[in-house]
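Geometric and topological summary
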Amino acid sequence: MFSKKSLGFSSLVILFIVGIFMVSCKSGDSSNGGNAANDSSARTAAQNGSLSASAEQIAAERDLSPQDVEAALKTYIPSGKHDEYLMFSSGGHSGQVFVIGVPSMRLLKVIAAFTPEPWQGFGFGSEESMKVLKEGDMESGKELRWADTHHPALTETDGEYDGEFLFINDKANARVAVIDLRDFETKQMIKTPNIISDHGSTFVTPNSEYVIQASQYATTLPFSEYAGMDEYQEKFRGLIAFHKFDRDKGRIVEEGSFQMELPPYWQDLCDAGKKVSEGWVFCNSINTELATGGIEQGLPPFEAGVSQRDMDYMHVINLNKAVEVAKQPGKTQEISGVKVIPLDVAVSEGLLYFIPEPKSPHGVDVTPGGEYLVVSGKLDTHATIYGFDLIQKAIKEENFEGEDVYGVPILKYNDVVAAQLEIGLGPLHTQFDNEGNAYTSVFIESTLAKWKLGPPYNTGEDAWTLTEKVPVQYNIGHNVCAEGDTVSPDGKYCVALNKWSIDRFSPVGPLLPQNFQLIDVSGDKMQVLYDMPIGVGEPHYVQMIKADKLNPFPVYPEVGYNPGTMSVNPNAAKAGQEKIVRSDGKVEVWMSAIRSHFNPEHITVNEGDEVILHITNVERARDATHGFAIEGYNINLSLEPGEASTVKFTADEPGVFPFYCSEFCSALHLEMMGYLLVEPKN
Ligand code: RUQ
Ligand code: CUA
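Scope of this entry: the structure provided in the associated data block. In this text, all values refer to a predicted model and were calculated from it rather than measured experimentally.

Focus: the side chain of Glu-619
Mapped onto the fold, Glu-619 is located in the loop between strand S40 (610–617) and strand S41 (626–630). A distance of 2.7 Å separates a polar atom in the side chain of Glu-619 from a polar atom in the side chain of Arg-595. At 2.9 Å, the side chain of Glu-619 forms a polar contact with the side chain of His-626.

Shown next, in the form of structure tokens:
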């Protein structure tokens, strides 16, 4: 069996080994930290042929085809070498962000975002993290401790990822988190006022001045106002928020942020214009039927009511102009402390137009040069491609087919469509490469479709042609290609973000992981290389950035660093100045942590005392992280080298409570502990 399968097999192996050797010689490169030992052993092996023989044997024993071996060689990263790209993946229900290397598909980090995460000490006592989590709670103070993260957005400069910050939305509660990529930690959470549901979020403008967030399921405006379902058309509204991002502060700021009222259609995905379309924003919508559900009253169920019409409306928003209008007195209304441009003002000022779009549209994706918007319909077989120049012309000539019930002008479909392409059943999302190709995920038929864009990318016969499809397993939602939504995509790799894995992995009970499939798109034929199970929530969108664009801190730049402010905390504990200060009902401790002890080691308090601990990890060595956990008190901190953290709690449990370092830091890590002694009241 093997001999048949392995026809030309050893030569393939040798070819690859030699190929790999040549590549690593040529690049000799730094980012991968070049590994001379591996290179020379590869050469020896290739020269004397011994490795190819054993590789052939391994392949035979493991029943691997030549294609399998090729795929393995394309994804393998030797120990000590690094991946070329990093993916930032939404963590779905986990409320987190996953960082994954490409092509190895190794999980590098789970970034705590909306949900408490013990390893990073996020939400287990440290003041810095508790503050961020609190910011994301309901105004009433009701805690929100889960999230449905969908769309991560890396900050951009001139439409290119710059590797500085990352935003991610929470569909479940209409929130946005801001992650600083110097330390990969969440610094801010916004519970967006007025809306309680979102989906078209987060998307950034080409210089990240604005983070875009559109509501999904229409509610009253604000949602906290009550209205019955029979008042839907009159009282319910959609909304789009433009959060102003201050890069120096690394925060979304109130000043300059504003919202715009929209009809109560269900706004879906959005994208920001780039290059020629910079300054404009595009959002799909569904439920232009204004269906309200209500099967119990004999009304059509939502999924039928929402899909009655053949066309819904793409929202075309003039953001540049909206920014100006939002500054003018009398043009906005303050709702829940936020400036909102009312719908009638949006219409009269020419900020909002509609374009008919077919069959339950879902993704809208702007081409790298900003010339086209690609829209796919969940119940369609086509991608519909709109020309930005055609849209501009129609707006300028006021060439409308009419207006919707809220008075928003509707452009004529035939005037603005540049092309339509038969893609397959259930196309969803589109990414791009550096050779004028588009890649569209096709949900119902479980394929990734590759097709050629029109001019200026491709001309003549080539323009707007479907060229290839590769089956994926199964039910692909989004897809991501290397820098595939920027002004200069890289090509090379795409990843199919599949919703179902069914039989791809060892069974783990009825709840199955999602399946990320790495696809090599560099050759003539797309090749699936690797299946990565995601067993931690259902990711939606992912962005893939060149790894060398990131420049994270190896350790915090100075001892006493507060990650909450990204500066030295003057009140941080310093080595040699550790102390315990007592006043009435309060014990304040300045503590240092270093391999392998805390100082002080005994903390005696009275039951009911307020205890404040300032702890600094005074280490300067890379990776010398200490944890700080107090047993029975639900407290755990992660203190990375240089980090200072504060934890406040009431000593309401009397008795003896060991505290210990919860990160294996040294040979005497087990001994890195101390005692909290809480003397009972009576
Ligand atoms: S979604 S599978 Cu982006 Cu939330 Cu389309
Ligand atoms: Cu410090 Cu373990």
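Focus on the nonpolar core
In terms of nonpolar packing, the biggest core is built from 41 residues, with Ile-240, Phe-242, Phe-258, Met-260 and Ile-341 touching the most fellow members. No other element matches the five residues that helix H9 (residues 319–327) contributes to this core. Contacts of Ile-240, omitting those with residues within four sequence positions, involve Ile-212, Gln-213, Ala-214, Phe-258, Gln-259, Met-260, Leu-262, Cys-270, Val-281, Cys-283 and Ile-317. Judged by nonpolar contacts, the second largest core, of 26 residues, contains Val-587, Met-591, Leu-637 and Cys-665.

A word on the pattern of salt bridges
Between side chains of opposite charge, a pair can form as their charged atoms come close. Tallied over the full model, the rule gives 27 salt bridges. Residues Lys-187 and Asp-183 are paired through a salt bridge, measuring 2.7 Å at the closest nitrogen-oxygen approach. Overall, Lys-187 belongs to the buried group, its relative accessible area being 4%. The exposure class of Asp-183 is buried, given its relative accessible area of 7%. Residues Lys-327 and Glu-324 are paired through a salt bridge, measuring 3.4 Å at the closest nitrogen-oxygen approach. Note that Lys-327 and Glu-324 are positioned in helix H9 at a spacing of three residues, about one turn of the helix. Given a relative accessible area of 56%, Lys-327 falls into the exposed group. Taken together, the shared-partner salt bridges in this structure form one network comprising Glu-70, Lys-74 and Asp-520.

Notes on the pairing of strand S14 (residues 280–286)
Judged by how many residues are buried, S14 sits mostly within the fold: seven of seven residues are covered. On S14, burial covers both faces: Trp-280, Phe-282, Asn-284 and Ile-286 on one face and Val-281, Cys-283 and Ser-285 on the other are all buried. The sheet contact formed by strand S13 (residues 266–272) and S14 spans five bridges and is antiparallel. Bridging across to S14, Ala-272 finds its partner in Val-281. Both S14 and strand S15 (residues 311–318) contribute to a ladder of four bridges, which runs antiparallel. Residue pairing for S15: Val-281 is matched across the bridge by Ile-317.

Topic: helix H11 (residues 388–396)
The complete set of buried residues in H11 reads Phe-388, Ile-391, Ala-394 and Ile-395. Take H11 and look down its axis: the buried residues cluster within an arc of 125 degrees, on one side only. For H11, exposure combined with an orientation more than 90 degrees from the buried face picks out Asp-389, Lys-393 and Lys-396. Phi turns positive, to about 50 degrees, at Glu-398, one or two residues after H11.

Conventions adopted
- Residues numbered from 1 in each chain as written.
- Chains lettered and ligands numbered in written order.
- Predicted model: local features only at pLDDT ≥ 70, side-chain atom pairs only at ≥ 80, totals over all residues.
- Heavy atoms only, no water.
- Helix = DSSP H or I, 4+ residues; strand = E, 2+ residues; numbered from the N terminus.
- Polar contact = N/O pair within 3.5 Å; in protein donor to acceptor, adjacent residues only side chain to side chain.
- Core = buried A, V, L, I, M, F, W, Y, C linked by side-chain atoms within 4.5 Å.
- Buried < 20%, exposed > 50% of the residue type's maximum accessible area, 1.4 Å probe, protein only.
- Contact = heavy atoms within 4.5 Å.
- Salt bridge = Lys/Arg side-chain N within 4 Å of Asp/Glu carboxyl O.
- Pairing = 2+ DSSP bridges.
- Arc of directions from axis to C-beta.

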